[in-house]
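Structural features, examined
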Protein chains: 2
Amino acid sequence: MYEDRIRCAALRGKITSAAEAAKLVRNGMRVGASGFTRAGDTKAVPIELARRAREEQGPLRITLMTGASLGHDVDRMLTEAGVLERRLPFQVDATLRKAINRGEVMFVDQHLSETVEMLRANLLGKLDLAIIEAAAITETGGIVPTTSVGNSASFAILAEKVIVELNLAQPLALEGLHDVWIPGRRPHRDPLPIVRPQDRVGTPIIDIPAEKIAAIVITNEADSPSTVLPADEETARIAGHLIEFLQHEVKHGRMSAQLPPLQAGIGTIANAVLSGFVDSPFEALTMYSEVLQDSTFDLIDAGKMVFASGASMTLSAPRQAQVLAELDRYRDKLVLRPQEVSNHPEVIRRLGLIALNTALECDIYGNVNSTHVSGTHMMNGIGGSGDFARNASCAIFATKAIAKDGRISSIVPMVPHVDHNEHDVDVIVTEQGLADLRGLAPRERARLIIERCAHPLYRDLLRDYYSDAQKIGGQTPHNLAKAYEMHLRFNETGSMLPGVAEAGTGGLVANG
Amino acid sequence: MYEDRIRCAALRGKITSAAEAAKLVRNGMRVGASGFTRAGDTKAVPIELARRAREEQGPLRITLMTGASLGHDVDRMLTEAGVLERRLPFQVDATLRKAINRGEVMFVDQHLSETVEMLRANLLGKLDLAIIEAAAITETGGIVPTTSVGNSASFAILAEKVIVELNLAQPLALEGLHDVWIPGRRPHRDPLPIVRPQDRVGTPIIDIPAEKIAAIVITNEADSPSTVLPADEETARIAGHLIEFLQHEVKHGRMSAQLPPLQAGIGTIANAVLSGFVDSPFEALTMYSEVLQDSTFDLIDAGKMVFASGASMTLSAPRQAQVLAELDRYRDKLVLRPQEVSNHPEVIRRLGLIALNTALECDIYGNVNSTHVSGTHMMNGIGGSGDFARNASCAIFATKAIAKDGRISSIVPMVPHVDHNEHDVDVIVTEQGLADLRGLAPRERARLIIERCAHPLYRDLLRDYYSDAQKIGGQTPHNLAKAYEMHLRFNETGSMLPGVAEAGTGGLVANG
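Numbers given to residues run from 1 along each chain, matching the order in which its sequence is written. Naming scheme: in the order in which they are written, chains are lettered from A and ligands are numbered from 1. Residues qualify for local features only when their pLDDT is at least 70, as the model is predicted, and side-chain atom pairs are given and counted only at 80 or more; totals for whole chains, interfaces and linings, by contrast, use all residues. Side-chain descriptors were evaluated using all non-hydrogen atoms of the structure, hydrogens and water having been removed beforehand.

This part covers unusual backbone geometry. The phi torsion of most residues other than glycine is negative, and most of the peptide bonds are trans. Residue R186 of chain A is joined to P187 of chain A through a cis peptide bond whose omega torsion reads 5°. Looking at where P187 of chain A falls in the secondary structure, it is placed in the loop between β9 (161-167) and β10 (213-219). Here L88 of chain B and P89 of chain B are connected by a cis peptide whose omega angle stands at -5°. With respect to the helices, strands and loops of the structure, P89 of chain B is situated in the loop between β4 (84-88) and α4 (94-101). Of note, S374 of chain A is a non-glycine position whose phi angle comes to about 60°, a positive value. Under the scheme used here, helices are H or I runs from DSSP no shorter than 4 residues and strands are E runs no shorter than 2 residues, and both carry numbers assigned from the N terminus.

This is how it looks when you write it as structure tokens:
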């Protein structure tokens, strides 16, 4: 059985149940699992692990590392079963998020390019086990990844043992789509030779010896579909402002007509904005990104995009079915890489990417909070946004100007958590307008952000704060006694706006 | 005259006075001047420009870009004469600082690797004029830089015209010390091929056509000496903690016995700490840094360091005289590069640097403020610390635990300005101890930073803050209503400690 999928005959005897394989996980272990923004995650062993933890006596707590977020409620089930002692580098699960915010799970929020770099340098301890989804195993034990590469390659290389989840629902046609490049050990490391998004510099498989594979579990289940919402009026206006800005850049010779390669973060806003490029004048676009969402395929289908490089494909259910059925149509326009490569500062700086990521909130000086609601409660994690924003030629952060029916302004006097600071943020765009911050001093930025990006509901509040802060002076005027007044008011009354009569509904902190 | 220094005969007719050359600067121009942390700055034309501005009618305001800070009170004189409309990317002058903090000079505080990248991409406007100090001009008009390369090469290449200050006090023996590499224009850019600190990949001169040189001014003046203070008991203890930590890393196989290449930021603390390595067990050290200070030569002379790559040499007066007199002794152990190369994320990540920079203050979660006193008033600028910290294999921030005789704690609940965030800060070290933050969640970091790094005077205050904040919860517990209590108390009473009787002496803000 499975001759086409398990080409190393000796390995066919390793086929076992998920429950048996899950027994390889023991208390205190460090486990690396495939999966990047729901794509190519393992769908059976972690769930059996959660079941075992609920049923067994004795502690069963592990450190779980992944590429990024998982599907199939795996993080919820592991959290409920108390299995997660430590989790990195990213997550999006509501149950896990609450446990993190209660301080029950130690969550290490990392730049996505750095996890395996740290692991390789022995800074995160020894990796005991890797659990990797595969489309096939080659004659020599090499793993053919599925819809993501993420951190899978380095996990498999660095772990003592590997469990493979061979997923029959992932088409064999995925083979050849991947390009696995692993950096040399420092101090003897060569340049990463990618000079165009379409360059292939590695191998199409994860090359490990067959002996390392301790168990093979057969699954047959699709990736969890992406949860992004469709474009709406605000995202269309954000896309409009951005396209106008980029046209202006091309007109003034600061960008080529083809535009530099694009990166777009995970989520509704970036996906919707990128979809808006279908109606732009730009041609022959390329992507050098981490997650490829529906919008990438919208652009390819529209003939607007000629190539997309990513670490994963995270698609809606219909797009997923269509793309996997028609992989040959996309084969020469796609590559999936390790996230260490897709997010590598070296390549991002060299290619001069346009990086589009989502802000939770921005302050009037251009500092961005991507992660912490009210400065305290983790949403998802910084993800790759820092890898890209620091090194891109143009780092854009998009957000709707207000949230919760206007009770929250996404433009605030001072963000209570800084993921991206003034030095790295080039452009802020909301449905209200776009602020080009490049080459400006903080006082110039403040005027622009308030007048162009803030919602009219909040402009006077922000103008008053800025005007008051100027009396204190400085390169970056602030009044520390009042800097978080809007946040504190929200926590007390349920709205950042003053004079809202209704009693507080608890605020975001209570929801965390 | 000057045949050995001006080898292009046609250019000898361009020799003129500083006053004449300064007339090439006109109101509204963008000017790029050599100089990086006082080394290799222009010593005559800017001073004549300041004189002219004071004497002439009519406005004379410019944008001045440099490598980093200047010597010879140039920034003071230009500020007093009202010449500076906009200044980037770094400065350390007290008079200019005050003008910046009053909002009179627009100061664009940039990662030092990014200024010429932005200039090249036409994001900072057209550069009208470059003023570059040289040790010599070659047969074809190429410029031999002096004690810094900084941004000089790209300024000379991108400017419409170039004024050369030929400084006879800079020895001709400097020739050959430099390695000028300029990246290709995106999107067609090759990898930066440096794989060891000692690799030479460019040319020893700044290659521009002779016709671009509009004037040559002869000077004969040494660089302003560095202003760093000698090591003291606290810096010796910081060095001790750091050496112990690095020995521990070597012992556990996480670093080679030779250590990865070192970077050390400008200033007393980093210089003193590095000098402390003379008494360490490490051998065959290398540096890949921006500024080479006295400590680099202490280590070379002690036989501890085999090679140092920098963008400038900023030395005390006796070290400067000695090194310039004995350049041949150091020739095969030194290279000076453009700051775009010395600070390039690509090389920093590839080499896996140990980066040592100074913090103004750190918070209990590991966020670092390098620039803004009280969150508002600019000290110097972020400099290269962000270039290095983000991409180093080990990003260390050092500070003394208290300042102003204990009235200020350098460890605070929440920094009011974030230059380096939790994702980029690996280690914090004070004379009290060292906190290794790698792989830790924020709650784990807080305990470590408070117990290891904070001064005993402030530990209870910080413990109380953290304990109180935990009631609010979250990944990063904070109480926004109290996060800046210590800063506000300092501004009111002159001390961050409660119960200090004496009336406020104004606080740092008033000094800004």
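Read on for the rest.
Residue and element names in this part refer to chain A. Note: two strands are recorded as paired if DSSP finds a minimum of 2 bridges between them. With four bridges joining them, strand β26 (residues 427-430) and strand β27 (residues 433-436) adopt antiparallel strand pairing. Across the sheet, the residue bridging to T430 is G433, located in β27. Adjacent in sequence and paired antiparallel, β26 and β27 are bridged by two residues.

Residue and element names in this part refer to chain A. What a helix is expected to span follows from its residue count: subtract one and scale by 1.5 Å. Relative to the 16 Å expected for twelve residues at 1.5 Å per residue, helix α15 (residues 442-453) spans 15 Å between its end C-alpha atoms, a close match to the ideal helical length. Here's how the labels work: a residue is buried when its accessible area is under 20% of the maximum for its type, exposed when over 50%, partly exposed in between, all with a 1.4 Å probe on protein chains only. Judged by how many residues are buried, α15 sits mostly within the fold: nine of twelve residues are covered. For α15, the set of buried residues is P442, R443, E444, R445, A446, L448, I449, I450 and C453.

Another point: the pairing of β4 of chain B. Every other side chain in a regular strand lies on the same face of the sheet, so the side chains alternate between the two faces. Residue and element names in this part refer to chain B. Within β4, four of the five residues are buried, which leaves the element mostly enclosed by the surrounding structure. Bridge count for strand β3 (residues 62-65) against β4 is four bridges, and the pairing is parallel. For L64, the partnering residue across the bridge sits in β4 and is R87. This β-α-β element, β3 to helix α3 (residues 74-80) to β4, shows right-handed connectivity. Of the strand pairs in this sheet, β4 and strand β5 (residues 106-107) are connected by two bridges, and their pairing is parallel. Paired with R86 across the two strands is M106, which belongs to β5. Every crossover in which the path from the first strand over the helix to the second runs clockwise, viewed with the strands pointing away from the viewer, is termed right-handed. Running through α4, the crossover from β4 to the neighbouring parallel element β5 is right-handed.

Here L123 of chain A shows up in the loop between α5 (115-120) and β6 (129-134). Since its relative accessible area comes to 17%, L123 of chain A is described here as buried. In what follows, residue pairs with any heavy atoms lying within 4.5 Å of each other are defined as contacts. Leaving out residues up to four positions away in the same chain, L123 of chain A has contacts with M118 of chain A together with E249, R254 and R438 of chain B.

All names here are of chain A. Pairing is parallel in the open sheet, where eight strands are placed in the order β1-β10-β9-β6-β2-β3-β4-β5. Every other strand in the sheet has two partners, leaving β1 (15-16) and β5 (106-107) as the edge strands with one partner each. Structural elements are reduced to axes, namely lines fitted to C-alpha atoms, with helices fitted over the stretch in contact, and the angle between N-to-C directions of any two is expressed from 0 to 180 degrees. Of the strands in this sheet, β3 (62-65), β6, β9 and β10 are in contact with helix α2 (residues 45-55), which crosses β9 at around 115°.

We now examine the UniProt feature "binding site: CoA" (unreviewed entry) in chain A. Residue and element names in this part refer to chain A. UniProt positions are given in the numbering used here, feature names are shortened, and annotations may be inferred rather than shown by experiment. Mapped onto the present numbering, the UniProt feature "binding site: CoA" (unreviewed entry) falls on N380, G384 and K404. Considering the C-alpha atoms alone, the annotated residues occupy 25 residues of sequence and remain spread out, their largest mutual distance being 26.2 Å. Tracing the backbone shows G384 in the loop between β21 (377-378) and α14 (385-391). Following the sequence through the fold, K404 ends up in the loop between β23 (402-403) and β24 (408-409). On the accessibility criterion, K404 (36% relative accessible area) is partly exposed.

Once chain A is rotated about the relating axis by 180° and shifted along it by 0.0 Å, it coincides with chain B to within an RMSD of 0.0 Å. In symmetry terms, the pair is related by a two-fold rotation axis. Closest approach to the rotation axis within chain A is made by the C-alpha atom of E346 of chain A, at a distance of 2.1 Å. A shared binding surface is used by both copies, with 100% of the interface residues of chain A retained as interface residues in chain B. Here the copies are superposed with least squares, the fitted atoms being C-alpha atoms of residues at a pLDDT of at least 70 in both.

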